[in-house]
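Read off the chains here:
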Amino acid sequence: MSEHAILILRHGQTEWSAAGKHTSHTDVPLTGVGERQAHAAGRTYAVLHGGTDPALVLCSPRARARDTARLAGIDVDETCDELAEWDYGEYEGITTEQIRRTVPDWTLWTDGAPEGEAPAQVAARADRVLERARTALNGGDVVLIGHGHFSRVLIARWLGLDAALGEGFRVDPASISVLGHDRGAPQLRHLNVPPT
C-alpha cells in the first residue's frame, strides 16, 4: 500500500465564511485575513507533504480556492467541478441560525438543502473524487483544494463513514487535513492543522 497521502486544503477566510453564511456557488473573494492565511498555509503544506512534487493537485473552480492555492504556492494541475462546495440551494448566503427560525431542527448533514444537494449526492461526489485520488497516490501525494463542508465529507468517506458523520470533523479556513493508510486501512493522519 502506498505511503503517500491525500492533503486537503480548505480555502482561506471570506466575508461569508467569517459570518457563518452558507457559500457554495457564490464566488466570494478572500478577505485580507484569508489571503494571509493562504500564504501561511503554504508553510504548513511544506511541512506536511512528502517533499517531492505531488502526483496530482485538484482545485475547486471557485476563485477563493484557486486564490488560496496560488497564495500558498501550490501549482494546480486541474480545476475540478466535483471539488466544489456542497450546493446549498435556497440556503445560499444565509446562516444556520436564520434557517432554524423557520425550520427549527434543520441540519445540513441529514436534511441537505432545498433546491440544493442531499447528503447522499454529496457523498457520491466525494467518493468519485477519492477514487481518482486513490489512483493517483501510486505516483505521490495528492492535494485537494476546496471547501469546508465538502472537505468534511471527504474525510468521512475516506474512513468509510456515512457523510453525515462529517459533522464531527472541524475544518477551519486555510487548514490542512491529511488522509493516508495504516497497514492498508484508511487513516486520518492529521485533522485541521492550522496555517503557521
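Keep in mind it's a predicted model, so treat the numbers as computed, not measured. (Residues numbered from 1 in each chain as written. Predicted model: local features only at pLDDT ≥ 70, side-chain atom pairs only at ≥ 80, totals over all residues. Heavy atoms only, no water.)

Visitor: How do you make sense of helix α6 (residues 119-136) when you look at a structure like this?
Guide: Along an α-helix, residues three or four positions apart point the same way, because every turn accommodates 3.6 residues. Taking 1.5 Å of rise per residue, the 18 residues of α6 would be expected to cover 26 Å, and the 26 Å separating its terminal C-alpha atoms lies within 8% of that figure. Those residues of α6 that fall on the buried side of the exposure criterion are Pro119, Val122, Ala123, Arg125, Ala126, Val129, Leu130, Ala133 and Ala136. The buried side chains of α6 occupy one side of the element, clustering within an arc of 160° when seen end-on. What points out from α6, more than 90 degrees from its buried face, is the exposed set Ala120 and Thr135. If you follow the buried residues of α6, they end up packed against β1 (6-10), β2 (56-59), α5 (108-111), β4 (142-146), α7 (148-158) and β5 (176-182). (Helix = DSSP H or I, 4+ residues; strand = E, 2+ residues; numbered from the N terminus. Expected span 1.5 Å × (residues − 1). Buried < 20%, exposed > 50% of the residue type's maximum accessible area, 1.4 Å probe, protein only. Arc of directions from axis to C-beta. Contact = heavy atoms within 4.5 Å.)

Visitor: Honestly, the side chain of Gln13 in this entry has me stumped. Any pointers?
Guide: By the element assignment, Gln13 lies in the loop between β1 and α1 (15-19). Engagement of the side chain of Gln13 in a polar contact is seen with the side chain of Thr31, the distance being 2.7 Å. Other than its neighbours up to four places away in sequence, Gln13 contacts Ala18, Pro29, Leu30, Thr31, Val33, Gly34, Gln37 and Pro173. (Polar contact = N/O pair within 3.5 Å; in protein donor to acceptor, adjacent residues only side chain to side chain.)

Visitor: What's the story with the nonpolar core in this structure? I'm lost.
Guide: In globular proteins that are soluble, nonpolar side chains generally tend to be buried together. Counting residues in each nonpolar core, the largest one holds 35 residues, and the members touching the most others are Ile6, Leu83, Val142, Leu144 and Leu154. Elements represented by at least two residues in this core include exactly β1, β2, α5, α6, β4 and α7. Ranked by residues supplied to this core, first place goes to α6 with seven residues. Aside from chain neighbours lying at most four places away, what touches Leu83 is Leu58, Cys59, Ser60, Arg125, Val129, Leu144, Ile145, Gly146, His147, Phe150 and Leu154. Residues Ala41, Tyr45, Ala72 and Ile145 belong to the second largest nonpolar core, which totals 16 residues. (Core = buried A, V, L, I, M, F, W, Y, C linked by side-chain atoms within 4.5 Å.)

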